[in-house]
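Spelled out from the first residue to the last, the chains are:
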Amino acid sequence: MEFYEEFCWFDKISDDILLRIFIFVPRTFWKDLTKVCTRFENICLDKEIFRVSDLTSAYGWSNQDLKYYLRAGCRYIETLHLSHCYWFSSLALSTYISKCKNIQHLSLLDCKLTTQGLLQILRSVVNLESLTISVSNLLDFSNAINDSKEVQKSLKNLKHFGLHNQEETVSYSANSIGFHVSQQVALFQHCPSIESFSVIGTPCIGQKFAKRLVHPLITKNNLCNLKAVSINDTENATSRLYFFSVLVRACKLPAIHFTNLSVAGLDFKKAATTHSYFVKSLQGSLPTLKRLDLSKSEIDEFETSMLKSESLNLTHLNLSHVRSEKSCVGLLNIASRCKNLVSLNLKGATSGCRVWGQGELNGLNSVLGLCHSLQDLNLAGIHLHEEDTESSLVDVLIRHNISEFKSLALSVCSLVARTTKKPEISNGYISKGLGKRQRISRVQEAGPASNNDSKGHNSLSDLSKSCPKLTSLEIIDADCRGSCIIPVSSNPNPCEQSHKFNDTDLINVANWKKLKYLQLTCLPGVKSLSCLCVKSDDFSNLKVLHLTNIGLGALAPGYWSILQYFTQLRDLRIEQTLMKLDERFYTPCLECIHLQRLVIVSRHCKVQSKPLENFVEKASNLYVIYLITDTTLKECDRLRALLQKRYESRRPGFHAMLEQLDHERLAFKLASLPLVHLDQITTLTSKVCAQRLNTMI
């Protein structure tokens, strides 16, 4: 008996095997592993553990934890990701990272680093090949680089550069706009080997403009090796000016060919007139492009070139919200020529007509028949009604092999099951033979169903059988125009056809057992979410859940009890009117033991202090809580200060925001949020096929 008590299976496992296991454990659990035993601690100090250090969004890590980790691995770290660690101080980041002399790949997106802190890091890390940073003052940062020979020396080997601009904004004034435009020598002057450049813009919140606009000057031909240029958001004026200045300068170079290109928001008709060489350069890159983002662009001039191109090797194509005077069928013809497509974003791609007909469905059928590698498809923002087409969207999808699909976004109205034709009204008689008539009811007897009639199948049920490996799913009303400023629930105007999508249809979402991300937005025909969970393990893998304006919402009894089944949930965003934030809501949320972020947007809702305090105390893994309701401003400020003071030191990374929904300062508070929360969970938008911030470089 004593033998079994002292026996431990880990004693039979070699250190090499344990090391191999620990390499696959996320680095955010590193400090916990070191506390298990002395043996674990020694293994955790091996150089292979530190070589690639991904500490992205390392909630719970303090400045001291970061110090301990970087000191232990400073000689071995080659790749260091600290993106979205917005709570680390600039002093801690600059001091401890500077000791890691062998770093080649460094990501500091959304970190609070001063210009001097960034310079200290760049002076010390001389082997950099890729760098992603956030700057609060682009002009000061550019000036500081141009004045420092040591920093310029460190940038000589830089191949990949990502820039996030955090410029301070000012409110729009009808009389004047106070901003300053400056020309400044760009960082690329000191990077002769640069191959990729990415701009990460912060979404504009309200009528706000940057105080400073910087126009980069590039006199050397250091952009001749540039292959990839991308931007995630073109609404920010500072980011847009900087990005397109670099892109236009690169297009002037002879024989430059891109592999990754974003020209979101560009008017090709105007560009063809003012910068013809720019359009020609883009046309010349078509055979080599792997990724192409044309979202929100006026593409009539460019569309013809794409249709004429003999070789389109694109794997990722973004055509969301493109502007074109031609039919959307032309866009689908372009996509069908890209035989290697993996991701296709057609969100809102309707060329002025927001309703798809049979012609567009035929075009999509051609795309699916030719693009056998397709895994991600976004068809949100598109109306597709059964009376306008001979077949349904689901019929077109399941006609092809879509078993490898990973993510899908669809409009609600496109999922409404096709019904049998309505019985025609007779004259009150039917013929029983020559010269005889028999009086009957005024409804004609049902005859055999025609070829266009449904056999009673359910669209989502058929779809779930055809693509069982789906990990991301969005069902969004085509008229949804939600944002983080104007809540959808304040102006619900769903498509009339979407009212036919009900609980019987929604229940089939549970058939996708591998779902990790689910968004349900504007489903007026659904009475309760309880239809989702038939079994307790239906959503055992779900990590992100967005719910907006679902049927009766909070008025339905037991509406939120469904949350108790999402035990692996990390992010929860709910936008619904008349919510009651009391124990009946928070108790099911506590079953989501891994919940890290909670966002609530609700009109006609008041936050109750005691239930909120009890919930945050018990939800030990909760680090972000945003409540935007009709609670008074005074009470919001009191509760925010209380929560922030109580948990800021106990849970490093904790961030609370409580705001009044219709108050003018809401836009300012949202604009000051960490980029990761504003982009990923606060803003309501379709995310299928969207390039993630962490993969911009």
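The model shown is predicted, which means the values in this text are computed figures rather than measured ones. Every chain is numbered on its own, with residues counted from 1 as its sequence reads. With pLDDT at 70 or above as the cut-off, local features in this predicted model cover only qualifying residues; side-chain atom pairs require 80 or more to be listed or tallied, and sums for whole chains, interfaces and linings still use all residues. As a rule here, side-chain values come from all non-hydrogen atoms in the structure, and water together with hydrogens is ignored.

Participant: Explain the overall build of the chain here, please?
Facilitator: The helix and strand labels rest on DSSP assignments: H or I over at least four residues marks a helix, E over at least two residues marks a strand, and numbering proceeds from the N terminus. When helices and strands are tallied, the chain shows 24 helices and 26 strands. Residues classed as buried in the chain amount to 54% of the 697 residues present. Throughout, a contact is declared for two residues whenever any of their heavy atoms are within 4.5 Å. Long-range pairs, those at least 24 residues apart, make up 80% of the contacts in the chain between residues at least 6 apart in sequence. All accessible-area figures derive from a Shrake-Rupley calculation using a 1.4 Å probe, and residue coverage is judged against the displayed protein chains alone. A total of about 31200 Å² of accessible surface is found on the chain, and carbon and sulfur atoms cover 50% of it. Only protein chains enter the calculation, and the probe is 1.4 Å; a residue is then buried if its accessible area is under 20% of its type maximum, exposed if over 50%, and partly exposed in between.

Participant: How should I be thinking about the nonpolar core in this particular structure?
Facilitator: Nonpolar cores are built from buried Ala, Val, Leu, Ile, Met, Phe, Trp, Tyr and Cys residues. Side-chain atoms within 4.5 Å join them into one set. Judged by nonpolar contacts, the single largest core of 198 residues is most densely connected at F197, F258 and L463. With 8 residues, the single largest contributor to this core is helix α11 (residues 237–251).

Participant: I'm lost on the environment of D65 in this one. Help?
Facilitator: Here D65 is to be found in helix α6 (residues 63–73). Its relative accessible area of 21% is what places D65 among the partly exposed residues. Considered as a pair, D65 and W30 are 35 residues apart in the sequence and their alpha carbons are 9.9 Å apart. With residues up to four places along the chain from it excluded, the contact list for D65 reads K31 and G60. Within polar-contact distance, the side chain of D65 engages the side chain of K31 at 3.0 Å. Counted as a polar contact is a pair of N or O atoms within 3.5 Å, where, for protein atoms, one must be capable of donating a hydrogen and the other of accepting one, and residues adjacent in sequence contribute only when both atoms are in side chains.

Participant: I keep staring at the pairing of strand β21 (residues 517–523) and nothing clicks. Help me out?
Facilitator: One face of the sheet, then the other: side chains in a regular strand alternate in exactly this way. Counting buried residues along β21, 7 of its 7 residues qualify, which places the element largely inside the surrounding structure. Pairing between two strands requires that DSSP report at least two bridges joining them. When strand β20 (residues 472–476) meets β21, the two strands line up parallel, connected through 5 bridges. The partner of E474 across the bridge, within β21, is Q519. Note that β21 and strand β22 (residues 544–550) share 6 bridges and pair parallel. Counterpart to L523 in the pairing with β22 is I550.

Participant: How should the packing of helix α7 (residues 90–97) against helix α8 (residues 115–124) be read in this particular structure?
Facilitator: When two helices pack together, their arrangement is given by the angle between the helix axes and by the axis-to-axis distance. Two elements in contact, α7 and α8, have axes separated by 8 Å at closest approach and are oriented at 10°. In this view, α7 runs roughly parallel relative to α8, as classed from their interaxial angle. Together, S90, L93, S94, T95 and I97 of α7 and G117, Q120 and I121 of α8 make up the contact between the two elements. In terms of residue class, the contact of α7 with α8 is built from 3 nonpolar, 5 polar and no charged. Between N-to-C directions, angles span 0 to 180 degrees; the directions come from axes that are lines fitted to C-alpha atoms, helices contributing only their stretch in contact. Roughly parallel refers to an angle under 35 degrees, roughly antiparallel to one over 145, roughly perpendicular to one between 65 and 115, and oblique to any angle outside these ranges. Gly counts as polar in this scheme, as do all residues outside two lists: the nonpolar Ala, Val, Leu, Ile, Met, Phe, Trp, Tyr, Cys and Pro, and the charged Asp, Glu, Lys and Arg.

Participant: Where do I start with empty space enclosed by the protein in this structure?
Facilitator: To find the voids left in a structure, one rolls a probe of water-molecule size over its atoms. Residues are said to line a cavity or pocket when one of their atoms sits within 4 Å of a point; the points come from a 1 Å grid over protein atoms alone, cavities being sets where a 1.4 Å probe fits but cannot get out and pockets being open sets with protein on both sides within 12 Å along at least five of seven lines. Grid points are joined across faces, edges and corners, and a volume is the space filled by probe spheres set on the points. For the coordinates displayed, the defined rule picks out 5 cavities of 30 Å³ or more. The computed volume of the second largest cavity comes to approximately 50 Å³. If you go around the second largest cavity, the residues you meet are F22, V25, P26, R27, F29, W30, L33, C44 and I49. Its residues assigned to classes, the lining of the second largest cavity comprises 8 nonpolar, no polar and 1 charged.

Participant: What am I meant to see in helix α16 (residues 358–370) here?
Facilitator: For an α-helix, the turn length of 3.6 residues means that residues three or four places apart are oriented alike. In a regular helix each residue adds 1.5 Å, so 13 residues correspond to 18 Å; α16 covers 18 Å between its end C-alpha atoms and thus fits that length. Looking at α16, one finds that the buried residues are Q358, E360, L361, G363, L364, V367 and L368. Against the buried residues of α16 lie α15 (328–336), β15 (343–345), β16 (376–379) and α17 (393–398). The span one expects for a helix is its residue count, reduced by one, times 1.5 Å.

Participant: Would you explain the side chain of S198 in this entry?
Facilitator: Here S198 shows up in strand β8 (residues 196–200). In terms of polar contacts, S198 uses its side chain to reach the side chain of S230, at 3.4 Å.

Participant: Just checking my understanding: could you explain the packing of α11 against helix α13 (residues 276–284) for this structure?
Facilitator: Relative orientation of the contacting elements α11 and α13 amounts to 80°, with a least axis distance of 9 Å. Overall, the two elements α11 and α13 adopt an arrangement that is roughly perpendicular. Counted together, L247, V248 and C251 of α11 and Y277, F278, S281 and L282 of α13 form the full contact between these two elements. A class-by-class count of the residues in the contact of α11 with α13 yields 6 nonpolar, 1 polar and no charged.

Participant: Explanation requested: unusual backbone geometry in the structure shown.
Facilitator: Glycine aside, residues mostly have negative phi angles, and peptide bonds mostly take the trans form. A positive phi is found at D110, a non-glycine position, where the angle reads about 70°. Mapped onto the elements, D110 comes out in the loop between β3 (105–108) and α8. A positive phi angle is found at C522, which is not glycine, with a value near 60°.

Participant: Honestly, the pairing of β3 in this entry has me stumped. Any pointers?
Facilitator: Direction of pairing for strand β2 (residues 79–81) relative to β3: parallel, over a ladder of 3 bridges. Counterpart to H81 in the pairing with β3 is S107. Classification remark: right-handed applies to a crossover when, strands pointing away from the viewer, the course from the first strand over the helix to the second runs clockwise. Between β2 and its parallel partner β3, the chain crosses via α7, and the hand of that crossover is right-handed. Here β3 runs beside strand β4 (residues 130–135); their pairing, made up of 4 bridges, is parallel. Bridge pairing in β4 places S107 opposite T132.

Participant: What is the right way to read the pattern of salt bridges from this model?
Facilitator: Charged atoms that come close allow side chains of opposite charge to pair. Any Lys or Arg side-chain nitrogen found within 4 Å of a carboxyl oxygen on Asp or Glu counts as a salt bridge. One pass over the full model with this rule turns up 16 salt bridges. Note that E78 is salt-bridged to R51, the shortest N-O span being 3.0 Å. Of the two residues, E78 sits in the loop between α6 and β2 while R51 sits in helix α5 (residues 47–51), which places them 27 residues apart along the sequence. The partly exposed category is assigned to E78, whose relative accessible area is 28%. When its relative accessible area of 27% is taken as the criterion, R51 is described as partly exposed. Between R603 and D662 there is a salt bridge whose closest N-O contact spans 2.8 Å.

Participant: Please explain α6 as it appears in this structure.
Facilitator: Buried within α6 are the following residues: L66, Y69, L70 and G73. Angular distribution of buried residues about the axis of α6 spans 90°; they occupy a single face of the element. Those residues of α6 that are buried lie in contact with α3 (30–33), α5, β1 (52–54), β2 and α7. This arc is built from the directions going out from the helix axis to the C-beta atoms.

Participant: Looking at this structure, I do not really get the side chain of S407. What am I missing?
Facilitator: Within the fold, S407 resides in strand β17 (residues 407–411). S407 gets classed as buried once you look at its relative accessible area, which sits at 7%. A polar contact is formed between the side chain of S407 and the side chain of D376, at a distance of 2.5 Å.

Participant: Explain the packing of aromatic side chains here, please?
Facilitator: Each aromatic ring pair is characterised by the separation of its centres together with the angle its planes make. Think of it this way: a Phe, Tyr or Trp ring, Trp meaning its six-membered ring, pairs with another when their centres are within 6.5 Å, and the plane angle makes it stacked under 30 degrees, edge-to-face over 60, tilted otherwise. Taken as a whole and judged by the stated rule, the model has 21 aromatic pairs. Ring geometry for W560 and F585: centres 5.6 Å apart, planes at 85°, overall edge-to-face. Of this pair, W560 sits in the loop between β22 and β23 (571–575) while F585 sits in helix α20 (residues 583–590); the two residues are 25 residues apart in sequence, bridging distant segments of the chain. Accessibility classification places W560 together with F585 in one group, the buried group. One aromatic cluster is present, formed by W30, F50, W61, Y68, Y69 and Y76 through successive ring pairs.

Participant: What is the right way to look at the environment of R646 in this model?
Facilitator: Following the sequence through the fold, R646 ends up in helix α22 (residues 633–647). For R646, a relative accessible area of 29% puts it in the partly exposed group. With 29 residues separating them in the primary sequence, R646 and E617 have C-alpha atoms 9.5 Å apart.

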